Amino acid sequence: MTASQAPRPTVVLVYQRTSLRWVFDSALRAGIDIVLVPRPDESVSPDRLPPAVVDVLPLDVEGDPAKALGVLQERYESAPFDGITTLYDPAVPFVADVAEALGLPGLGSATARAVQDKRIMRRQLAEAGLNVPGFIVLDDPGAWAAGTGLDFPVVVKPANGFSSLGVTKADSAEQLGAVVAAVWQVCRTKLNQVTGLIVEEYLDGPELAVESLAHRGEVTVLSIGYKGEPTGPYFEEGVYRAPALLPPDVQDAVVREVVAAHSALGVTDGPTHTELRLRGGVRPYLLELGARVGGSGVSHYIAEHVTGADLAGDALRTAAGLALRSVPDSPTQLLRATGAAANYIVPCGGSGRITAIHGLDELSEDPRVDHIVQMLHPGDVVRPYPDFTGYPAFILSHHQSIEDAEEFHRSLERRIRIDYAPTGAAQ
Ligand code: ADP
């Protein structure tokens, strides 16, 4: 059989948006065929499928996971696939369960839950002796007074949250009851599950995002990026620029903390996206470790432009049980940065019905800009915070240096503006 006749490995990719098309380009380069489980809110036209997608398999993973598992089992029997993965955080435990049920490579159910549930994550990090802020767990919003013994300010968040949904700062013990009640309400209305809350001490200092690849317990850090210094009370995502400029001893401490977190949580294989804050500018504290390519694929873009690594391609290859391509043979804990990359998340900057978005179109002419992913458009309604409607757009760009990326982001702050009409008036 010649190489061209050999069957290509096939991976089921759950809930990936096709608008982030570079993930599919990576699949092509990695030699992987994709069976796409589309996002329920995205219509995928069969004649305009992204490269590498050989089939589309609609499943209601969140609404009816048992049925979705059954469909995948049937599919596996009639047309076997080599792996299953997702970049969508809430689907990580489902994917781990399917992989376990079918005997495919995966995180394992227990690890998938440890990285998804902030209560388990905090306990396991603390047991392993890593830096953890004071925290308490609440199963009932009425028990909020248990948090008044923590050092204020504190941050209240859903135990199984994602995309900063509901995450809210409380400055004083007097505010805590009201903040807990509000976050509980977000869990009920937005997250489809009320599993509990975590209240933890606020960590000041710059926020970092770290992209890594694990392989048989060896962790390689591909990039360490800067995520701004958000102060709340709500934590809307904003900038991501990499590589972060850090003194060597702080950089080493970040790498040590991230590598140790992988073993504390039991993540031995696959991509991870870790967020930390550098307390006092020097001491790294994990916010969370996601066992997936971060930002629906943004993390792949950043890692690729900072170090040349193919994070999404290697994530798919890991899912199919194949060897990685981006990690050097001689183990290195941190790959050397050879370029800079950035993501600018256009802030909503208001609420109401969008009437115009200024400053986006002309960016497609800018040679530094590789992708403009627009999620909100004129006519869409943005509800006021703490409600979360989504981000208007991502602007992904590459640069010679991190200073160029900073300057570019300053210019975007001046140039991009969203106009709104009050929803009552426009309806
Ligand atoms: P999610 O999984 O919903 O994104 P995170 O725990 O990552 O929740 O929190 C979202 C954001 O809230 C973080 O990126 C950070 O900016 C802020 N945040 C969360 N916990 C803390 C904390 N203890 N101290 C300071 N900021 C925090």
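Cut-offs used in this document
- Residues numbered from 1 in each chain as written.
- Predicted model: local features only at pLDDT ≥ 70, side-chain atom pairs only at ≥ 80, totals over all residues.
- Heavy atoms only, no water.
- Helix = DSSP H or I, 4+ residues; strand = E, 2+ residues; numbered from the N terminus.
- Buried < 20%, exposed > 50% of the residue type's maximum accessible area, 1.4 Å probe, protein only.
- Polar contact = N/O pair within 3.5 Å; in protein donor to acceptor, adjacent residues only side chain to side chain.
- Contact = heavy atoms within 4.5 Å.
- Domains from an automatic or database assignment.
- Pairing = 2+ DSSP bridges.
- Near = heavy atom within 4 Å.
- Areas by Shrake-Rupley, 256 points an atom, 1.4 Å probe, with all protein chains shown as cover.
- Nonpolar A, V, L, I, M, F, W, Y, C, P; charged D, E, K, R; others polar.
- Phe/Tyr/Trp six-rings, centres within 6.5 Å; stacked < 30°, edge-to-face > 60°.
- Lys NZ or Arg CZ within 6 Å of the ring centre and 35° of its normal.

Focus: the side chain of Asp 117
Checked against the element boundaries, Asp 117 lands in the loop between α4 (109–116) and α5 (118–127). With relative accessibility at 9%, the residue Asp 117 sits in the buried group. Side chain to side chain, Asp 117 and Arg 119 meet in a polar contact 2.8 Å long. If we ignore the near neighbours within four places in the chain, the residues touching Asp 117 are Ala 159 and Asn 160.

Thoughts on the domain arrangement of the protein chain
As assigned here, the protein chain comprises domain 1 (8–114), domain 2 (134–201) and domain 3 (207–421). Taking only C-alpha atoms into account, the centre of domain 1 sits 32 Å from that of domain 2.

Considering the pairing of strand β8 (residues 197–201)
For β8, the tally of buried residues reaches 5 of 5 residues, placing the bulk of the element in the interior. Residues of β8 alternate between two faces, with Leu 197, Val 199 and Glu 201 on one and Ile 198 and Glu 200 on the opposite face, all of them buried. With 4 bridges connecting them, strand β5 (residues 135–138) and β8 associate as antiparallel partners. Note that in β8 the partner of Phe 135 across the bridge is Glu 200. Pairing of strand β6 (residues 154–158) with β8, which is carried by 5 bridges, proceeds in the antiparallel orientation. By the bridge assignment, Val 155 is partnered in β8 with Glu 200.

A look at the site of the ligand
Around the ligand, the surrounding shell holds 20 residues, and the nearest of these are Lys 118, Lys 157, Glu 200, Leu 203 and Glu 207. Between an oxygen atom of the ligand and a main-chain N or O atom of Phe 162, the distance comes to 3.3 Å. A distance of 2.8 Å separates a nitrogen atom of the ligand from a polar atom in the side chain of Glu 200. Contact with the protein chains removes 96% of the 540 Å² of surface that the ligand exposes when unbound. Sorting the residues of the shell around the ligand by element identifies β6, β8, β12 (270–279) and β13 (283–290) as the ones contributing at least two each. A breakdown of the residues in the shell around the ligand according to their chemical character gives 9 nonpolar, 3 polar and 8 charged.

Some words on the sheet that holds strand β15 (residues 352–358)
On the basis of which strands lie adjacent, the open sheet formed by 3 strands has the order β17-β15-β19 and antiparallel pairing. Unpaired on one side and paired on the other, β17 (381–382) and β19 (417–421) mark the two borders of the sheet. As paired elements, β15 and β19 share 5 bridges and run antiparallel to each other. Among the inter-strand pairings, Arg 353 is bridged to a residue of β19, identified as Ala 421.

Considerations on the packing of aromatic side chains
A full pass over the atoms with the stated rule returns 4 aromatic pairs. Aromatic pair Trp 22 and Tyr 301: ring centres 6.3 Å apart, planes at 65°, arrangement edge-to-face. Of the two residues, Trp 22 sits in helix α1 (residues 22–30) while Tyr 301 sits in helix α8 (residues 298–307), which places them 279 residues apart along the sequence. The pair formed by Trp 22 and Tyr 301 is uniform in burial state, with each residue classed as buried. Geometrically, the ring pair formed by Tyr 76 and Phe 81 is edge-to-face, given 5.2 Å between the ring centres and 70° between the ring planes. Aromatic rings pair up to connect Tyr 15, Tyr 88 and Phe 162 into one cluster. Residue placement shows Arg 39 over the ring face of Tyr 88; its charged tip is 4.4 Å from the ring centre. The lysine or arginine in question, Lys 169, covers the ring of Tyr 202, its NZ or CZ lying 4.3 Å from the ring centre.

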